[in-house]
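Now for the letters of each chain:
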Amino acid sequence: MRSSSLIIRGLATVSPLGSSADEVSESLRRAQPAPGEIGGSPVFRVTASGEGVLEQLVKNKRYASLDRTTLLALAAAKQTLAALPEGSPSIGCVSIGSARGATTSLEKSVLGHACAEAPLAPDTSPNTTAGNISSWVAQAVAESRGPQKPIASLGTSMTCTSALHSLLIAKAFIDSGMADSALFGGAEACLTPYTLAQLSALRIYTREKGVYPCMPCLSAPARTNSVTLGEGSGTAILQRRDESPDGSSPFCPGDMQLLGIGWSLEAAVSATGISEDGDGLEAAMRQALSELPPGRKVDAVVLHAPGTAKGDAAELSAVARLLGDVPVCSSKHLTGHTYGASGMLSLCMAQWLLNGGGWAGFPYPSVASSRPFEAPSTVLINAAGFGGNSISMAVGLPDGHNA
């Protein structure tokens, strides 16, 4: 099945941009980051409204002991499910990605055990495994949708590409006929001293203390590593296009068409697994572009752009070789790098662009293309992760639908 016969529906995110479509739109329009800090290091937390959503969840005793990552995934998934119209296809697969999994619960439990502070709680094992993230979301699907076909629940951990690999799994389930539709996404809540120490050991964590601690694609003279951690989640439904007897395809507000997807694995030539020229990303983008319907071309690229000097340069080089001087953007200067959830926030950015949101450019000197965005109809989204894995997807408005 070609990717262009698939629709992405009900995208919902909880992140430093907000916890509703209106709040996200306002955050992208204002483009003013609001970083916090841990031990003097800047981080990006979810907004107050997102925190309120999580607080409402834990009032349910069933959710009270769950890890923050799982709660974030549940918060986004419940919004996605609420947005689905009556008569939607049954959800046969739940695929949620997370780079570090149940980070807070795991680190707290390991530290407590090592220090012999107290016996482990009986629910330590299920609540600290990465698989419980997708399992709890699948439980929410079953409860909201009622009796239906069995649901496959899968967790994916492919570092920073985890969310888009969850989409790849969802697509495989639908293409094979194993599911009529699938819920996919990513979630990450790893704002912990240990995670920050890992990135500091790699010498890629930001030392910036200004308004923009994370500055992807910073201009060459001032180029520096500025990775800044963030937390967040996002989920959506992938399903076949519904076609009426007359051949038309009904759509819902916010729908996007999946036009192409590609992936690659290159030799991990560095600690972060990114080659100097971005060869892996180029291969993934090339595969995604090969699936574009005739007449479609990429109008804009949402970069992975984590804020590392070498990683950003490699990706920009790959984009230029393949697409020339195409407009590019990123939201990481507003959200930080949300690891396994970052692909969903990039998808959110693509949706904003497709619906006329616009892009004013990076608010600091940048080496990225300065070409203006002219109502893009096809947007390419990149993600790359430790270990040399890359993934790229192309999305657009459904055929016949204008923003």
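Just so we're clear, the structure is a prediction, and the values are computed from it rather than from any experiment.

A. Quick look at the environment of Ala163. Relative to the helices and strands, Ala163 is located in helix 7 (residues 162–175). Along the sequence, Ala163 and His113 sit 50 residues apart, while their C-alpha atoms lie 31 Å from each other. Residues contacting Ala163, with those up to four places away along its chain left out, are Gly97, Phe184, Gly185, Gly186, Gly340, Gly343 and Met344.

B. Structural view of the pattern of salt bridges. Counting across every chain of the model gives 12 salt bridges. A salt bridge links Glu26 to Arg29, with the shortest nitrogen-to-oxygen separation between them at 2.6 Å. Of the two residues, Glu26 and Arg29 both sit in helix 1 (residues 21–30), 3 residues apart, roughly one turn of that helix. One salt bridge in this structure joins Glu282 and Arg321, with 2.7 Å as the shortest N-O distance. You can see Glu282 sitting in helix 9 (residues 279–290) and its partner Arg321 sitting in helix 10 (residues 309–323), a full 39 residues away along the chain. According to the relative accessible area criterion, Glu282 is buried, its value standing at 14%. Looking at Arg321, the relative accessible area reads 40%, which means it is partly exposed.

C. A look at the side chain of Thr235. Inspection of the secondary structure puts Thr235 in strand 7 (residues 232–240). Here Ala77 takes part through its backbone nitrogen, which lies 3.3 Å from a polar atom of the side chain of Thr235. Not counting the four nearest positions on each side in its chain, Thr235 is found in contact with Gly10, Leu11, Ala12, Ala73, Ala76, Ala77, Thr80, Ile96, Leu183, Phe184, Gly185 and Met344.

D. Structural context of unusual backbone geometry. You will see that Ala31, though not glycine, has its phi angle at about 55 degrees, which is positive. When you line up the elements, Ala31 lands in the loop between helix 1 and strand 2 (36–38). A positive phi angle, close to 50 degrees, is found at Thr159, a residue other than glycine. With respect to the element layout, Thr159 can be found in the loop between strand 5 (152–156) and helix 7. Given a relative accessible area of 22%, Thr159 falls into the partly exposed group.

E. Quick peek at the pairing of strand 8 (residues 256–265). Most of strand 8 is tucked away, with 8 of its 10 residues classed as buried. Pairing of strand 1 (residues 6–14) with strand 8 involves 3 bridges; the strand directions are antiparallel. Its bridge partner lying in strand 8, Leu6 is registered against Leu258. Both strand 8 and strand 12 (residues 389–396) contribute to a ladder of 8 bridges, which runs antiparallel. Following the sheet pairing, Trp263 is matched in strand 12 by Ile391.

F. Layout of helix 12 (residues 342–354). The terminal C-alpha atoms of helix 12 lie 18 Å apart, and with 13 residues this matches the ideal 18 Å at 1.5 Å per residue to within 8%. Immediately downstream of helix 12, the backbone of Gly356 shows phi near 85 degrees, a positive value.

G. Here's a closer look at the sheet that holds strand 8. In space, the 10 strands of this open sheet follow the order 5-4-6-7-1-8-12-11-9-10, with mixed pairing throughout. The open sheet has two edge strands, strand 5 and strand 10 (328–329), and neither has a second partner.

H. Highlighting the nonpolar core. The biggest cluster of nonpolar side chains holds 66 residues, and the ones touching the most others in it are Ile8, Phe184, Leu238, Leu347, Met393 and Val395. A per-element tally of this core places helix 12 first, with 8 residues. Formed by 14 residues, the second largest nonpolar core is a distinct cluster that contains Ala73, Leu81, Ala138 and Ile237.

I. Representation of the packing of aromatic side chains. Applying the stated rule across the entire model yields 5 aromatic pairs. For the pair Phe362 and Tyr364, a centre-to-centre distance of 5.7 Å together with 35 degrees between the ring planes defines the contact as tilted. Like Phe362, the residue Tyr364 is buried in the burial classification. Ring-pair connections join several aromatic residues into one group, and the members of that group are Tyr212, Trp359, Phe362, Tyr364 and Phe373.

J. Representation of helix 6 (residues 131–145). Here helix 6 is 15 residues long and its end C-alpha atoms lie 21 Å apart, about the 21 Å a rise of 1.5 Å per residue gives. Residues Asn132, Ile133, Ser134, Trp136, Val137, Ala138, Ala140 and Val141 constitute the buried set of helix 6. Where helix 6 is buried, its residues touch helix 3 (68–82), strand 4 (91–97), helix 5 (124–128), strand 5 and strand 6 (181–188). Residue Gly146 follows helix 6 closely and has a positive phi angle near 75 degrees.

Rules used in this analysis
- All chains use their own residue numbering, which begins from 1 and follows the written sequence.
- The predicted nature of this model means local features are confined to residues of pLDDT at least 70 and side-chain atom pairs, given and counted, to a pLDDT of 80 or more, with totals for whole chains, interfaces and linings taken over all residues.
- Processing note: side-chain calculations cover all non-hydrogen atoms of the structure and skip hydrogens and water entirely.
- For helices the rule is a DSSP run of H or I covering at least 4 residues; for strands it is a run of E covering at least 2, with both sets numbered from the N terminus onward.
- Residue contacts follow a heavy-atom distance rule, with two residues in contact if any of their heavy atoms lie within 4.5 Å.
- Counted as salt bridges are all cases of a side-chain nitrogen of Lys or Arg within 4 Å of a carboxyl oxygen of Asp or Glu.
- Buried, partly exposed and exposed residues are distinguished by accessible area as a fraction of the type maximum, computed with a 1.4 Å probe on protein chains only: under 20%, between the cut-offs, and over 50%, respectively.
- For this analysis, a polar contact is any N or O atom pair within 3.5 Å, provided that within protein one partner can donate a hydrogen and the other can accept it, and provided that sequence-adjacent residues contribute only side-chain to side-chain pairs.
- Between any two strands, pairing holds if DSSP finds at least two bridges.
- Multiplying 1.5 Å by the residue count of a helix minus one yields the expected span of that helix.
- For our purposes a nonpolar core is just a set of buried Ala, Val, Leu, Ile, Met, Phe, Trp, Tyr and Cys residues, chained together by side-chain atoms within 4.5 Å.
- We call Phe, Tyr and Trp rings a pair once their centres come within 6.5 Å, taking the six-membered ring for Trp, and we label the pair stacked below 30 degrees between planes, edge-to-face above 60, and tilted otherwise.

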